[in-house]
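One-letter residues, chain by chain:
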Amino acid sequence: MPSPLVRRSIWIVGIAALVVALIIAIVPFLASTRIVRDRIAYELSSWSGYRVTIGAAPEIEVWPTFKAIVTNVSMTPWNSLDHPPIIEADRIEIKLSALAALQGDVVFAGAELVRPTLRLERNANGGFQPLLAEGGRIATAIRDTHEMVVANIGSEEIERSLSTRQLGSISARDGRVTVFSDGEDVEMVSGLTGRLEWPALNKAASLKLTANWRGETVALEASSPKPLILLAGGEAGLTASVNSAPTNLSFDGKVRATRNAFIDGKAKLATPSLKRMTEWWGADMSATAANVGSVSMSGRLMGDAQRLRLESAEVSLDKNPGSGALELSMGDVVPIVSGTLAFDKLDLRPVLTAFTPATSETVAAEIDPAFSSRLGIDLRLSAGQAQVGPIALANVAATAQIKNGLVAFDISDASAFGGNLQASVRFDRKPEGTQAEMRLLASDIEGGAFGAAAGMTRLVPIGRGNISVILKGPGRVWETILGNGEGSVSAGFGPGALSEFDLPSFIKRLGEGGFFSLDEVAKGTFPTDGAELKGTISRGVLRIEKAEARSPKGTLWLTGILPLTSRGLALSGGIVPPEAAADQEASPPHAAFFVGGTWNAPFISPIKPVTGD
């Protein structure tokens, strides 16, 4: 026989089970009779501030959680009942307090909106926002807190005065955000799924959601220890991140949105492709600037609505790390990015592509100075070592500017080819069209190294000297600029040699008659006492006014034209004997010849036979 203790335990368990069974049986009955549709609608309206309508009587579920399911829910502004619903959902699953239900009351413990739609409208500032409710528990709490913030009440007193209403967890599944305009909805965000955890209005809150925006999946996370103060425009901590394939953003610091608004905290931005990021954001870039690859920056972000500064900035351009400070300010017309960045090593090609046109055969064929009407840039750049294709630079100081229709990149100082280098490229948008200007000044450089970097090996002065190139003209692609530009070319070199040129073999071939390739006399060098070049550029043609290389064996000279776009040759030249070179009234040259063909394959044709040794 079971002991009295065992029998008593069995009775207790049985009674408890009966009580649970009765509660499970009674709660749906009470819910179906006392937690009616109007009561749920009233609670939803009290929280949201909108007029709430429900399509059918709620369905009550007890297990595994006590909840009410309402369908075809819409929320409309009370003062604009003919307005399309601001929020509507196919279904809302509301977690309820069973104890409150037994007492005939409704207490929400959480809610999930299934396939909800949030409608936004364009405001006067060009932004998007929903038609806000004038009342509701949340809106009222925000308004009351805002009044305390504006009254400059102490933070501790504000925190003590915050609403203590319990909210709980609100989630959404497969939602969307639309923009309502001209009687139609245009979908902005789809697949919105996430959860807001906000136990009470005076407690901390966190938000996690994913959505599809402009064809990309976006994950958003945010949290704040004082969300109500933050929404009311007061100062509060905020941690937020946005992660997607085109862009990753994060912030951890403090924010204030009302009087003396400011932001102060650690921020980071990273994108594998500047072009992809800006296209995703819907910002227009110049075709060449879009060629810049990966970009990342991090540092302490602080400022207000008019000026933001990124201090102790760590920046990477196409995996070239640098440091410095950046600033974004709201100019009179366009926002302006300014600052100073220093790099140990820097590949200048992605930077140059943002400020110079490519060839017309590429996708990004031209610079677009119209971009300067949307953004201003004023950056100071420095690099211990830099690379521009095959050209190695050191101790580089450069500036990048976009302002008032002007797009410019200047290398004000750099060490290269054993000497100094200065270069600039500018595109100025004017009523008559875009005007381009390019300058190159190389001082005390080694000519052979310069020629090798420029891809020139024949007749390049091997020695130290100076080079100057200036070109101005209308156009936004190289072909147009070269075809219509005006400019000059000059160079001067001291003692050295001409590369890949054998003077004795050259004179011999001239004496034999008939045309021949320059390759046939390229095995050797021509020692010189100096070399000089002067020419002008006009409408795509380089006219060589003077080109000579002087040596004890005579002077080699050239004149003629070089079409820059077709890369053809139409030159005449000669060799002046030493004694004639010393006499300005000398007799005709020792030998004369014509140079034709192309830059890559020149040929020589004698036009005057050799008259001496």
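Remember, it's a predicted structure, so these values are computed and weren't measured experimentally. (Residues numbered from 1 in each chain as written. Predicted model: local features only at pLDDT ≥ 70, side-chain atom pairs only at ≥ 80, totals over all residues. Heavy atoms only, no water.)

Caption draft 1: Main features of the overall build of the protein chain. Helix and strand counts for the protein chain stand at 12 helices and 34 strands. For the protein chain, buried positions account for 40% of its 613 residues. Partitioning the contacts of the protein chain with sequence separation of at least 6, the portion at a separation of at least 24 is 49%. Only carbon and sulfur atoms are counted for the fraction: they give 56% of the accessible area of the protein chain, which is about 31,600 Å². (Helix = DSSP H or I, 4+ residues; strand = E, 2+ residues; numbered from the N terminus. Buried < 20%, exposed > 50% of the residue type's maximum accessible area, 1.4 Å probe, protein only. Contact = heavy atoms within 4.5 Å. Areas by Shrake-Rupley, 256 points an atom, 1.4 Å probe, with all protein chains shown as cover.)

Caption draft 2: View of the sheet that holds strand β26 (residues 496-498). Within the open sheet, the 3 strands sit side by side as β23-β26-β28. Their pairing is antiparallel. Strands with a single pairing partner mark the edges of an open sheet, and in this sheet they are β23 (461-462) and β28 (526-528). Sheet topology places β26 next to β28; 3 bridges connect them, and they run antiparallel. Its bridge partner being in β28, Leu-498 is matched across the sheet by Phe-526. (Pairing = 2+ DSSP bridges.)

Caption draft 3: Looking closely at helix α4 (residues 137-150). Helix length check: α4, at 14 residues, gives a terminal C-alpha distance of 20 Å against a target of 20 Å (1.5 Å per residue), a fit within 8%. In the stretch just after α4, Asn-152 is the one whose phi turns positive, near 60°. (Expected span 1.5 Å × (residues − 1).)

Caption draft 4: Molecular detail of the pairing of strand β10 (residues 216-224). Two elements, strand β9 (residues 205-213) and β10, share 9 bridges in a ladder whose sense is antiparallel. From the neighbouring strand, Lys-208 faces β10, where its bridge partner is Glu-221. Relative to strand β11 (residues 236-243), β10 runs antiparallel, the two being bridged by 5 bridges. Across the sheet, residue Leu-220 finds its bridge partner in β11, namely Val-242.

Caption draft 5: How the structure looks around the nonpolar core. Leu-348, Phe-409, Phe-506 and Phe-593 are the most contacted members of the largest nonpolar core, which has 79 residues in total. Of all hydrophobic cores here, the second largest spans 32 residues; its members include Val-70, Ile-86, Ile-92 and Leu-201. (Core = buried A, V, L, I, M, F, W, Y, C linked by side-chain atoms within 4.5 Å.)

Caption draft 6: Just the side chain of Asp-502, in detail. In this fold, Asp-502 is placed in the loop between β26 and α11 (503-512). Although Asp-502 is buried, it makes no salt bridge; Lys-553 carries the closest opposite charge, 7.3 Å away. Ignoring any residue separated from it by four or fewer positions in sequence, one finds Asp-502 in contact with Val-521, Lys-523 and Gly-524. (Lys, Arg positive; Asp, Glu negative; His and termini not counted. Salt bridge = Lys/Arg side-chain N within 4 Å of Asp/Glu carboxyl O.)

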